[in-house]
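What the coordinates show
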Amino acid sequence: MSANATSAEGQAHEGHGHDHDHHDPPFWRKYIFSTDHKIIGIQYGFTALVFLAIGFFLMMVMRWSIAFPDRPVPLLADLPWFQAWLDADGKVTGELYNMFGAMHGTIMIFLGIVPLAFGAFGNYVTPLQIGAPDMAFPRVNMASFWCYFVGGTLMIVSFFLPSGAAKVGWTNYSPLATTTDQQFANQFWTGQTQWLFAMVFLITSSLLGAVNFITTIINLRARGLTWMRLPFFVWAMLVTGFLLLLAFPPLEVAAIMQLMDRMFGTSFFVPTGLSINGIPFDGSGGGSPLLYQHLFWFLGHPEVYVLILPAIAIVGEVIPCHTRRPLWGHKTMIYAVMVLGFLSFIVWAHHMYLTGMGTAVSTFFQTTTVLISVPSVILVTCLLISMWGGRIRFNSAMLFAVAFIPMFGIGGLTGLPLAFNHIVLHLHDTYYVIGHFHYVVAPGTLFALFAGIYHWFPKHTGRFMSERLGRWHFWPSLVFMNGVFLPMLIQGMAGFHRRAFDGGSAYSQISGQEFMGGDSLFASIFNFVFQRAAGTPVELIDLNLIMSASAWLLAIAQVPFIVNLFWSILHGEKCHSDNPWRATTLEWATPTPPPHGNFIDEPVAYRSPYEYSVPGATDDFTPQFEKGADGTDNPEPETALAAH
């Protein structure tokens, strides 16, 4: 495939000024059923933020149950719908906790972070960075968003069904997921069944988006934009698209098979001899629950990189721009992200060590799991070196981008022990696993997404977000994120189970254990610090209150962001340039905000994407879209910054 646009694509670019100047569709076509990638990106973004807020609310109720299992839930106990799921005293029940736990994980991952990272940022930024007028298939792009919206709506509506929403964990393991809610005559109108229908829509949305992204990046690049001139953000989106395209179909198949088990009496995942409460289950049997786990986790681990690669990509754009330095190891990062994508498909069974796999198989997956940390370390190292010697602007975007690195680092380092099956015997299903995963996707991925919002907001609106409100958002978020998840790692090493709705108060062997019990220097230091702060001996279970209070304060810390987002749209400081950050990539060559069709003139890439502070240059940035030294329209040979 030629690196340059085809003649047909070139004509589309050249005709842009004539085709799109008078593009004025009615409101419903422009903002609701839009085929413009920018509007679709905004639709994904605001919808995902709403779902993130819903998922966060579920978590806050769960944290109340963990911190105060013997107290009624304040405010919510008076709501008619909520009362149906609380006990007679207004306290959270185990069933409600399971429901909220399953839906929190589902909503945050499939309805929140992935759509915000890939759907919103990918849709808005990718065509601009490659100089394309739109996505390759605009109507498919629209269908992708509406499949996502329908799937999300089904998830939320399922809360109000007589059965309630799904309640067997976000992984939806069979046979429990197949046999739950069997007391309802109409299995169609149960939360567990609607969860499966919703997942089919969500996965279809991701597949449509993946095909669109891959086709767009390969076919619609601007003239002069060779593969190694593509920004790292575009490369990460390309790899993410392939991950979605190859990893999501197994889960969609698994959801359809489980749906048939629930609705039509098949036994894809229902084993022979199954009994429920001592009563034999009325089913043909012969199915394999482990087959479902394999299908789920074959998606599940590439899904981790679907979450994290867009985040690293955003940070890879923010750091060079706000340090005025080139992205160190640009090509190395490209190769690392491709290796990361490949390895993510051969590590899935480290989630299944407790299923009884043999030593040879477990050794293979232990090895690949350790190997996958290598490209991750390369990516983080390149980001760190990129800041060396830079003139750093510590604005809100840069603060979140810099904080992403240690937060993601903690998530990665705490994941290494989970590569080994003997350690997993102790840590499986404990808060350690929860703390590890959330360090990757909460202070990790979410911090990068916030950085991206602050960074590209001026391009979308023509206004800056408030830096004061941005700092009020950043610092409490950094403190309270760690307040929520760091104690989880400590509790998890002591054996606290992740699914105890009362926070472990029923387990006397845990609740009676002293905080970091033992005579080691590490335990002595922690005991001294926490007991001096509390004024009384501290036990491990007391950390529940610290984590829950941090979660509620973290919610308050998002108020400045919400105010900032909507206030700045109307009243933020106006940009006086189409390139207010003095950045180098092609999205800053468009008018602000970009019109329908994006570019007034055909964009051309003359050089690599990160030429900041180049020796001998008249300015500290040289955009890709500036003509060469000879003033011609011919793209220069690719510049090498190795000597710089």
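This report concerns the structure included in the present document.

Calculation notes
Position numbers for residues start from 1 in each chain and track the written sequence from start to end. It should be noted that, the model being predicted, local features are given only for residues of pLDDT at least 70 and side-chain atom pairs only at 80 or more, the latter also being counted only at that level, while totals for whole chains, interfaces and linings use all residues. Side-chain numbers here rest on the full set of heavy atoms in the structure, without hydrogens or water. Only one rule defines a salt bridge in this text: a Lys or Arg side-chain nitrogen within 4 Å of an Asp or Glu carboxyl oxygen. Each helix is a run of DSSP H or I of at least 4 residues and each strand a run of E of at least 2, with the numbering of both proceeding from the N terminus. Think of it in three bands: residues with accessible area under 20% of the maximum for their type are buried, residues over 50% are exposed, and the middle band is partly exposed, with areas taken using a 1.4 Å probe on protein chains only. What counts as an axis is a line fitted to C-alpha atoms, over the stretch in contact for a helix, and the angles between N-to-C directions run from 0 to 180 degrees. Throughout, the term roughly parallel applies to angles under 35 degrees, roughly antiparallel to angles over 145, roughly perpendicular to angles from 65 to 115, and oblique to all others. By convention, the crossing between two helices is left-handed when the near helix turns anticlockwise from the far helix through less than a right angle, and right-handed when the turn is clockwise. Two residues form a contact once any of their heavy atoms are found within 4.5 Å. Think of it as three bins: nonpolar holds Ala, Val, Leu, Ile, Met, Phe, Trp, Tyr, Cys and Pro, charged holds Asp, Glu, Lys and Arg, and polar takes everything else, Gly as well. Patch membership needs two things, relative accessible area over 30% and no salt bridge, and members are linked within 9 Å if like-charged or within 5 Å if nonpolar (Val, Leu, Ile, Met, Phe, Trp, Tyr). Per-residue accessibility takes into account occlusion by the displayed protein chains alone, with areas from the Shrake-Rupley method and a 1.4 Å probe. We call a set of buried Ala, Val, Leu, Ile, Met, Phe, Trp, Tyr and Cys residues a nonpolar core when their side-chain atoms join them within 4.5 Å. Pairing of aromatic side chains requires ring centres within 6.5 Å, counting the rings of Phe and Tyr and the six-membered ring of Trp. Pairs whose planes differ by under 30 degrees are stacked, by over 60 edge-to-face, and all others tilted.

Evaluated as defined, the whole model comprises 11 salt bridges. With a shortest N-O distance of 3.5 Å, D181 and K167 are connected by a salt bridge. Of the two residues, D181 is situated in the loop between α8 (176-179) and α9 (191-219) and K167 in the loop between α7 (138-157) and α8; the sequence distance between them amounts to 14 residues. In this structure, R499 engages D429 in a salt bridge whose closest nitrogen and oxygen atoms are separated by 4.0 Å. With a gap of 70 residues between them, R499 in the loop between α18 (467-493) and α19 (508-511) and D429 in the loop between α16 (421-427) and α17 (431-461) connect regions that are remote in the sequence. For R499, a relative accessible area of 42% gives the class partly exposed.

Right, let's talk about the packing of helix α11 (residues 289-323) against α17 for a bit. Any two packed helices are characterised by the angle at which their axes cross and by the distance between the axes. In the contact formed by α11 and α17, the axes pass within 8 Å of each other and the chain directions differ by 45°. Relative to α17, the element α11 is oriented oblique. Crossing angle aside, the handedness with which α11 passes α17 is left-handed. Taken together, the residues of α17 that come into contact with α11 (itself represented by V304, L307, I308, A311, I314, V315, E317, V318, C321 and H322) are F437, V440, V441, T445, A448, L449, A451, G452, H455 and W456. Of the residues that constitute the contact of α11 with α17, the class distribution is 15 nonpolar, four polar and one charged.

Taken together, the side chains of F27, W28, Y31, I32 and F33 present a nonpolar region at the surface, about 520 Å² in accessible area. Secondary-structure assignment places W28 in helix α3 (residues 27-32).

Ranked by size, the top nonpolar core spans 184 residues in total, and within it F100, M103, F110, F232, L251, F404 and F447 carry the most contacts. With 20 residues, helix α6 (residues 94-129) is the largest single contributor of residues to this core. Dropping the residues within four chain positions of it, M103 is found in contact with L58, M155, S158, F159, A165, A166 and W195.

Another point: the packing of aromatic side chains. Under the counting rule described, the total for this entry stands at 45 aromatic pairs. Judged by centre distance (6.2 Å) and plane angle (25°), the rings of Y292 and F296 are stacked. Within this pair, Y292 and its partner F296 are both found in helix α11, separated by four residues, close to a single helical turn. With respect to class, Y292 is no different from F296; both count as buried. Geometrically, the ring pair formed by F464 and W581 is edge-to-face, given 5.3 Å between the ring centres and 70° between the ring planes. Of the two residues, F464 is situated in the loop between α17 and α18 and W581 in the segment after α22 (559-571); the sequence distance between them amounts to 117 residues. Looking at W581, the relative accessible area reads 10%, which means it is buried. Taken together, the aromatic side chains of W28, F33, Y44, F51, F145, W146, Y148 and F149 make up a single cluster linked through ring pairs.

Relative to each other, α6 and helix α10 (residues 232-264) sit at 135°, their axes nearing to 10 Å. Looking at the two axes, α6 sits oblique to α10. For the pair α6 and α10, the crossing hand works out as left-handed. Contacts between α6 and α10 involve F110, A117, F118, F121, G122, V125, T126 and Q129 from the former and F233, V234, M237, T240, G241, L244, F248 and L251 from the latter. Residues that form the contact of α6 with α10 fall into these classes: 11 nonpolar, five polar and no charged.

Attention now goes to the environment of I203. Among the structural elements, I203 can be located in helix α9. Given a relative accessible area of 1%, I203 falls into the buried group. Distance in space between the C-alpha atoms of I203 and F248 is 6.3 Å, their sequence separation being 45 residues. If we ignore the near neighbours within four places in the chain, the residues touching I203 are F248, L251 and E252.

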